[in-house]
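An overview of the molecular structure
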Amino acid sequence: MSAGRLKLLRTIIAPKVVKVFQKMFSDKFLLYTNVGLSTSLSGLGDLIEQKYELMSEELTEWDKVRTRNMTMSGTTVGFVCHYWYSHLDRTIPGYTVRIVLKKIVVDQLVGSPLSISTFFGTLAVLEGSTIDEFIKEVQTKAWRLYAAEWMIWPPCQFLNFYVLSTKYRVLFDNLVSLGYDIFTSRVKHKDYSESSD
């Protein structure tokens, strides 16, 4: 990189990026940022999963409605996560290892089921499912997501709760969640009725 480009990057572009980042994560815009991240990454997770399903010939064409619905589920889950983390940090304040471990347990026992229920509930509404269909899907699929959450989230949440401030929790959550969103899309759209998986 030339000296002129490096100077441009350092003196003009980098400060503007930092300013935008600070504004996005300010108290005034944090809800919008968190919901926007969750919405975008849920949609991206479904796109990646559908690309895999197309390549493996599980699908014959891209399902736009599915992507739209998965994206919208990210919106509602984003709201839930935003307020959940704020509530969790208010009710269990602090950053000691003991407090962080307590937050992880509460997050897994309350926050995870809340997010999973929000996810399936949003999709049930968008897909026009009946209450019975919703209950059956939750009984068939939610435990798969919850079991995966116990594998993925405790170590990630240790970092999230121990190192990061509340305003960056949903960002971190969503960065880790991209892989989880791919898995979520797969679980949601796989038919488990004929298999014991």
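Use the structure listed above.
Residues numbered from 1 in each chain as written. Predicted model: local features only at pLDDT ≥ 70, side-chain atom pairs only at ≥ 80, totals over all residues. Heavy atoms only, no water.

1. Structural notes on the overall build of the protein
Within the protein, the regular secondary structure consists of six helices and zero strands. By principal-axis analysis of the C-alpha atoms, the protein measures approximately 60 × 45 × 25 Å. Per-residue burial over the protein gives 38% buried out of 197 residues. Excluding contacts between residues fewer than 6 apart, the proportion of contacts in the protein whose partners are at least 24 apart in sequence is 73%. Roughly 11600 Å² of accessible area belongs to the protein as shown, and the carbon and sulfur atoms make up 66% of that amount. Charged side chains of the protein number 23 positive and 20 negative; the gap between the two group centres comes to 16 Å. (Helix = DSSP H or I, 4+ residues; strand = E, 2+ residues; numbered from the N terminus. Buried < 20%, exposed > 50% of the residue type's maximum accessible area, 1.4 Å probe, protein only. Contact = heavy atoms within 4.5 Å. Areas by Shrake-Rupley, 256 points an atom, 1.4 Å probe, with all protein chains shown as cover. Lys, Arg positive; Asp, Glu negative; His and termini not counted. Charge placed at Lys NZ, Arg CZ, Asp CG, Glu CD.)

2. Quick notes on the packing of helix α3 (residues 64-91) against helix α6 (residues 169-189)
To characterise two packed helices, one gives the angle between the axes of the helices and the distance between these axes. It is the contact of α3 with α6, at a shortest axis distance of 11 Å, that shows an interaxial angle of 140 degrees. Classified by the angle between their axes, α3 and α6 sit oblique to one another. Seen along the crossing, α3 lies across α6 with a hand that is right-handed. Contacts between α3 and α6 involve R66, M70, C81, H82, Y85 and D89 from the first element and R169, V170, D173, T184, S185, K188 and H189 from the second. Classifying every residue of the contact of α3 with α6 gives four nonpolar, four polar and five charged. (Axes fitted to C-alpha atoms, helices over the stretch in contact; angles between N-to-C directions. Parallel < 35°, antiparallel > 145°, perpendicular 65-115°, else oblique. Left-handed = near helix turned anticlockwise from the far one by under 90°. Nonpolar A, V, L, I, M, F, W, Y, C, P; charged D, E, K, R; others polar.)

3. Points about α6
For α6, with 21 residues, the first-to-last C-alpha span of 28 Å sits near the 30 Å given by 1.5 Å per residue. Maximal helix bending in α6 amounts to about 50 degrees, located at L178. (Expected span 1.5 Å × (residues − 1). Bend = angle between axes of the 7 residues up to and from the residue.)

4. Section: the packing of aromatic side chains
This model, assessed by the stated rule, comprises seven aromatic pairs. Between F21 and F25 the ring centres are 4.7 Å apart and the planes differ by 45 degrees, which places this aromatic pair in the tilted class. Judged by its relative accessible area of 2%, F25 is buried. Each ring, one from F21 and one from Y168, has its centre 6.1 Å from the other, and the planes form 15 degrees; the classification is stacked. With F21 in helix α1 (residues 3-24) and Y168 in the loop between α5 (131-163) and α6, the pair connects residues that are 147 residues apart, well separated along the chain. With a relative accessible area of 24%, Y168 lands in the partly exposed category. The aromatic ring of Y95 is capped on one face by K103, whose charged end is 5.5 Å from the ring centroid. (Phe/Tyr/Trp six-rings, centres within 6.5 Å; stacked < 30°, edge-to-face > 60°. Lys NZ or Arg CZ within 6 Å of the ring centre and 35° of its normal.)

5. Section: the environment of F21
The partly exposed category is assigned to F21, whose relative accessible area is 37%. Each C-alpha atom, one on F21 and one on T33, is 9.8 Å from the other, the two residues being 12 residues apart in sequence. Beyond its immediate chain neighbours, meaning those up to four positions away, F21 contacts Y168 and L171.

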